[in-house]
Amino acid sequence: MRSEKANSAPLGLKVAAAAGLAFMHLPILLIFLYAFTTEEKSYQFPPPGLTGQWFAVAWNRPDVWAALTLSVKVASIATAAALVLGTLCAAAVSQTRFFGRETISLLVILPIALPGIITGIALRSAFSMADIPFSFWTIVLGHATFCIVVVYNNAVARFRRISGSLIEASMDLGADGFQTFRYIILPNIGTALLAGGMLAFALSFDEVIVTTFTAGQQSTLPIWMLEELIRPRQRPVTNVVAMIVVVVTFLPILGAYYLTRDGDQIAGAGK
Amino acid sequence: MTTAVLFDNVSRHFGAVRAVDRVNLQIAEGEFFAMLGPSGSGKTTCLRLMAGFEQPTGGHIEIFGETAEGVPPYRRSVNTVFQDYALFPHLSILDNVAYGLMVKGAGREERRKSAEDALAMVKLPGYGTRRPGQLSGGQRQRVALARALVNKPKVLLLDEPLGALDLKLREQMQEELKSLQKSLGITFVFVTHDQGEALSMADRIAVFNEGRIQQLGSPEEVYNQPKTRFVADFVGSSNVLSARLCQKLGLRAAFASLRPEAIAIAAPHNGALSLSGTVVAQSFLGATNRIVVDVDGARIAVASPAAHGIPSIGSPVTISFAARDLHPMEDA
C-alpha cells in the first residue's frame, strides 16, 4: 500500500522533472538542427533552408582532421597513463595501511576539486620554470592530472569491496602476484576501470581550460571549435563536427553505464 | 613420526604489540591440531605465519622439514580455509575449486575432473555451474574446503571454520571435518575461540593468551588439569581456589582448579576432602543444576545432577570432592 503511494509523484513534480530534462537536452537538438542549415554566417531560427553540404565541407577541411586526431591522441595517451597510475594508487590506498595514506588520497583527488584555471596556470609556470617546451606531451601531462582522479575514484570504490582475503586466497592456492592480478583483481575491477577510463577519455576530449595553458601551437578539437565560433564563415561545419562527436561518444558511454551496473551486482554477490 | 609444522621460539611483533611471543610448538603429521584462545591471543597470527601471509620477527619455522621463512604463500604446500571463505565472486563454483590447479597449469579436463571429485567429497556434487552468491553459508564453507583440498596440501589450515554457521550446522560440520581428516590423513590445524569445538575435534590443543601458549596437551589434559589460571577460566568454567583455601585443604599451591562436576553436595566419604558453606545462588540447566556455594567468602560453583534436587538459597551445605580432582596451578 505504502509503496504504491510512494511510487506515484504529484503531477507538478512530473512536469518539473520533464521540463528540467528538456532544458538540458533540447539545446543539443538545436546543435543538430543547425548542422543542416543553409545560412552559414549566423544562427537564425528557424533555419531558412536545410542542406547536407556541410558534411562534405567538413570532410574536406584538413584543420578539422588535425584537431580531431590531436584530441583523440591526447585523450588516449592521457587515459592510458591514468589507468595505470590511477589503478596502482587505488590499490595502494585501499589494500594497505601506511603513514600518510589519507593525505595521499586527498592529494590525488585535489586536481579535480581545484578550478581548471589554477591547474592550468600552475602547470604553465612549472613547465616554463623547468624549460619544457609546450608540445603535445605537455597537453597530455595536463590532462593526465585530472584523468587519474577519475580512474582512481572508480577503482578505489571497487577495490574497497574486494575483501583482502580474496587476494590472500589466490596466493594461498598457488597464484603469484601477476596471476592474482590477472585472474582475480582484474576481473573484479575491470568494469570499474572501463567506466573510469571512458569518463577520463571524455573529460580529456572536451577539456578547454587546462589545454589553453599547456598547449603550444596545436589546437585540440574543443579549442578548434571555440576558434571556429568566432569566425563568420562556414559556421555549420562546427555543428557537423559536434554532432559526429556526440554520436560517436554516446554509444561507448551507454555501454559503460550498462557494464558498471551489472558489475555492481557481480561484485556485490561475494558475500 | 614426521613433524609437519615446527615453531622454534617464533615471535611476530607489530610495532610494540607482541602478537606472537616466543612460541614453540611441534605438530605431528596427520594430527588434528587446535589453536584455542580469545581474540587477540595470537592464534590467528600463528596460522598466518604457517600460511605465509606473515613473516616471523624472530625464531624459526619449518614445514615438513623445510625452512618456511621468506617462502611466499604460493610456494608452500599448505592451503587455507578462510574465515569468510573468500570464494571468488566472479567465478563459478567449479572454477573456484579448480583455481589452484589452473594457476599451476593443469589441463582443462584434469581440472574439471579433480574439481568435481572434490565437490563430491564435500557432498556438493553437481553444484559446479552455480556462483558463490547462490549458495548458503554452509555450502560456501564446503566449497572453500573443496577448493583447498583439491590441491592435496600437506597441511590444511582452517581459520575459525565454523564460526559463521548456526549451531546445528556447526555440530554436523564438526563431525564431517573430523571424519574427512581421518580418511585423508592430512594434518589439520585449526583456529577457534570456541573451547567446545576444540575439545570435541582436536587431537591436541594449544591454548593461547597474549601471544603465548599457556598450555599444550590433549583435550583431556587441558580440560582436567589446567596448568594456569587462564586455562582454567577459559576452557570451561573451573573453580579457581585461592592459596588460603588450598592451605585449608592441605595443598601447597598458589592456586588450584576444581571442576564443578567433580564436586558433590554431600558429606565426604572414603577420605574425600570437604568444605562447608552456604548456598548463594542456584539455577536449573536441564540435566544438571548449577549451585553456587559461598565458602568463607569464596564462591564455588557445583554442577549437581538434577535428580539430587536443589537446596534452597541460604541453607548450609557441605561440599565434597576427591583429592585427585584438585589440580595445583601456576599463577598466570
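**Q** Please set out the overall build of chain A residue by residue, giving values where relevant.
**A** Of regular secondary structure, chain A possesses twelve helices and zero strands. Along chain A, helices and strands appear, N-terminal first, in the series α-α-α-α-α-α-α-α-α-α-α-α. With respect to the principal axes defined by its C-alpha atoms, chain A has extents near 70 × 70 × 30 Å. Relative to all contacts within chain A whose residues are 6 or more apart in sequence, the contacts with residues 24 or more apart total 78%.

**Q** Mind laying out the overall build of chain B, listing which residues take part and the relevant values?
**A** If you tally the helices and strands in chain B, you get nine helices and 18 strands. Counting only C-alpha atoms and orienting by the principal axes, one finds that chain B spans roughly 75 × 45 × 35 Å. Residues classed as buried in chain B amount to 42% of the 332 residues present. Here the analysis covers contacts within chain B between residues at least 6 apart in sequence; of these, 63% occur between residues at least 24 apart.

**Q** Go over helix α3 (residues 108-121) of chain B, please, and point to the residues and values.
**A** The first and last C-alpha atoms of α3(B) sit 20 Å apart over 14 residues, in line with the 20 Å expected at 1.5 Å per residue. Positive phi shows up at Lys123(B), right after α3(B), with a value of about 65°.

**Q** How would you sum up the sheet that holds strand β15 (residues 288-295) of chain B? Please name residues and give values.
**A** Residues and elements named next belong to chain B. One open sheet accounts for five strands, arranged β13-β17-β14-β15-β16; its pairing is antiparallel. This sheet does not close on itself; its edge strands, each paired only once, are β13 (264-265) and β16 (298-305). As judged from the six bridges shared by strand β14 (residues 273-284) and β15, these two strands associate in the antiparallel manner. Counted as the bridge partner of Ala281 is Val292 from β15.

**Q** I'd like a rundown of the nonpolar core, residues and numbers included.
**A** Of all hydrophobic cores here, the largest spans 143 residues; its most connected members are Met50(B), Val97(B), Val189(B) and Val207(B). Residues within four places of Val207(B) in sequence aside, it is in contact with Leu36(B), Gly37(B), Ile213(B), Gln214(B), Gln215(B), Val222(B), Val231(B), Phe234(B) and Val235(B).

**Q** Let's hear about the interface of chain A and chain B: which residues, and what values?
**A** Contact residues are listed per partner, giving 19 residues for chain A and 21 residues for chain B. Broken down by secondary-structure element, the contributors of at least two residues to the side of chain A that touches chain B are α8 (164-172), α9 (177-205) and α12 (236-268) of chain A. At six residues, α8(A) tops the list of elements feeding residues into the side of chain A that touches chain B. Here the residues of the side of chain A that touches chain B are counted per class, giving ten nonpolar, six polar and three charged.

**Q** I'd love a proper account of the domain arrangement of chain B, names of residues and values included.
**A** All names here are of chain B. For chain B, the assigned domains are domain 1 (3-228) and domain 2 (237-329). Spacing between the C-alpha centres of domain 1 and domain 2 amounts to 39 Å. Taken together, the contacts link four residues of domain 1 with four residues of domain 2.

**Q** An account of the confidence of the model for chain B is requested, with residue identities and associated values reported.
**A** Where the model shows low pLDDT, its predicted coordinates should not be examined in detail. Confidence in the prediction of chain B, expressed as mean pLDDT, is 90, and 99% of residues score 70 or more. The ipTM assigned to the predicted complex is 0.81, against a pTM of 0.77.

**Q** Let's hear about the environment of Ser135(A): which residues, and what values?
**A** Relative to the elements of secondary structure, Ser135(A) occurs in the loop between α6 (116-129) and α7 (136-161). Separated by 81 residues in the primary sequence, Ser135(A) and Gly216(A) have C-alpha atoms spaced 5.3 Å apart.

**Q** Account for unusual backbone geometry, naming residues and giving values.
**A** Residue and element names in this part refer to chain B. Residue Lys123 is not a glycine yet carries a positive backbone phi of 65°. In this fold, Lys123 is placed in the loop between α3 and α4 (137-149). The backbone of Asp296 sits at a positive phi, close to 50°, despite the residue not being glycine. On the secondary structure map, Asp296 appears in the loop between β15 and β16. Classification of Asp296 by C-beta neighbours within 10 Å gives exposed; the count is 11.

**Q** Please set out the sheet that holds strand β4 (residues 58-63) of chain B residue by residue, giving values where relevant.
**A** Each strand in a sheet pairs with another by means of backbone hydrogen bonds, the pair being arranged parallel or else antiparallel. All names here are of chain B. With antiparallel pairing, the four strands of this open sheet are ordered in space as β2-β1-β4-β5. Only two strands of the sheet have a single partner each, and these edge strands are β2 (17-28) and β5 (66-67). Two strands pair when backbone bridges link them, and β4 and β5 are joined in this way by two bridges, in the antiparallel orientation. The partner of Glu62 across the bridge, within β5, is Thr67.

**Q** With reference to specific residues and values, describe the packing of α8(A) against α9(A).
**A** When two helices pack together, their arrangement is given by the angle between the helix axes and by the axis-to-axis distance. Residues and elements named next belong to chain A. Relative to each other, α8 and α9 sit at 135°, their axes nearing to 10 Å. Compared by their axis directions, α8 and α9 come out oblique. Between α8 and α9 lies a crossing whose hand is right-handed. On α9, the residues that touch Leu166, Ile167, Ser170 and Met171 of α8 are Thr180, Tyr183 and Ile184.

**Q** Before we move on, could you go through the pairing of β2(B) and cite the residues and values that matter?
**A** Summarising the sheet, strand β1 (residues 3-14) of chain B and β2(B) pair through eight bridges and their orientation is antiparallel. Following the sheet pairing, Thr3(B) is matched in β2(B) by Ala28(B).

**Q** Which residues make up the packing of helix α2 (residues 93-103) of chain B against α4(B), and what are the values?
**A** Residue and element names in this part refer to chain B. Where α2 contacts α4, the axes come no closer than 7 Å and their chain directions differ by 30°. The angle between α2 and α4 places the two elements in the roughly parallel class. Crossing hand, α2 versus α4: right-handed. The segment α2 lies against α4, with Ile93, Asn96, Val97, Tyr99 and Gly100 engaging Val143, Ala146 and Arg147.

Thresholds applied
- Residues numbered from 1 in each chain as written.
- Chains lettered and ligands numbered in written order.
- Predicted model: local features only at pLDDT ≥ 70, side-chain atom pairs only at ≥ 80, totals over all residues.
- Helix = DSSP H or I, 4+ residues; strand = E, 2+ residues; numbered from the N terminus.
- Contact = placed C-beta atoms within 7 Å.
- Buried ≥ 20, exposed ≤ 12 C-beta atoms within 10 Å, placed from the backbone.
- Expected span 1.5 Å × (residues − 1).
- Pairing = 2+ DSSP bridges.
- Core = buried A, V, L, I, M, F, W, Y, C linked by C-beta atoms within 7 Å.
- Nonpolar A, V, L, I, M, F, W, Y, C, P; charged D, E, K, R; others polar.
- Domains from an automatic or database assignment.
- pLDDT = per-residue confidence, 0-100.
- Axes fitted to C-alpha atoms, helices over the stretch in contact; angles between N-to-C directions.
- Parallel < 35°, antiparallel > 145°, perpendicular 65-115°, else oblique.
- Left-handed = near helix turned anticlockwise from the far one by under 90°.

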